[in-house]
Amino acid sequence: MFSPNQAFLQARIDRGGVVATYIGLPLFLGVWAAYRLVRGGGIVRYADIQCPAPKF
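Just so it is clear, the model here is predicted, and its values are computed rather than measured.

> Help me understand the overall build of the protein chain in this model?
Across its full length, the protein chain carries three helices and zero strands. When the elements of the protein chain are put in sequence order from the N terminus, they spell out α-α-α. In the protein chain, which comprises 56 residues, the share counted as buried stands at 5%. When the accessible area of the protein chain is evaluated, it comes to approximately 5700 Å², of which 65% is carbon and sulfur surface.

> What am I meant to see in helix 3 (residues 24–39) here?
One turn of the α-helix equals 3.6 residues, which is why residues spaced by three or four share an orientation. Taking 1.5 Å of rise per residue, the 16 residues of helix 3 would be expected to cover 22 Å, and the 22 Å separating its terminal C-alpha atoms lies within 8% of that figure. Looking at the residues trailing helix 3, positive phi occurs at G40, about 70°.

> Explain a nonpolar patch on the surface to me, please; I cannot follow it from the model alone.
Taken together, L25, F28, L29 and W32 make up a surface patch of nonpolar side chains, about 450 Å² in accessible area. Tracing the backbone shows W32 in helix 3.

> Could you clarify how one ought to interpret the pattern of salt bridges in this entry?
Between side chains of opposite charge, pairing is possible as soon as their charged atoms come close. Inspection of every chain in the model, using the stated rule, returns one salt bridge. With a shortest N-O distance of 4.0 Å, R45 and D48 are connected by a salt bridge. For R45, a relative accessible area of 56% translates into the label exposed.

About the criteria used
Residues numbered from 1 in each chain as written. Predicted model: local features only at pLDDT ≥ 70, side-chain atom pairs only at ≥ 80, totals over all residues. Heavy atoms only, no water. Helix = DSSP H or I, 4+ residues; strand = E, 2+ residues; numbered from the N terminus. Buried < 20%, exposed > 50% of the residue type's maximum accessible area, 1.4 Å probe, protein only. Areas by Shrake-Rupley, 256 points an atom, 1.4 Å probe, with all protein chains shown as cover. Expected span 1.5 Å × (residues − 1). Patch = residues over 30% accessible without salt bridge, like charges linked within 9 Å, V, L, I, M, F, W, Y side chains within 5 Å. Salt bridge = Lys/Arg side-chain N within 4 Å of Asp/Glu carboxyl O.

Structural data, given as structure tokens:
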């Protein structure tokens, strides 16, 4: 498994390793932003949350 520290501690930075390690973050943010734009969404107020009473 590639450790992010290995890419920066060597004399020469391994660009492929850095990209492979950190590509997930921009991909996740892009998918999340696209979903928010298409589906919309907002923050739900605490008072609007309906939780059923527990059954004992």
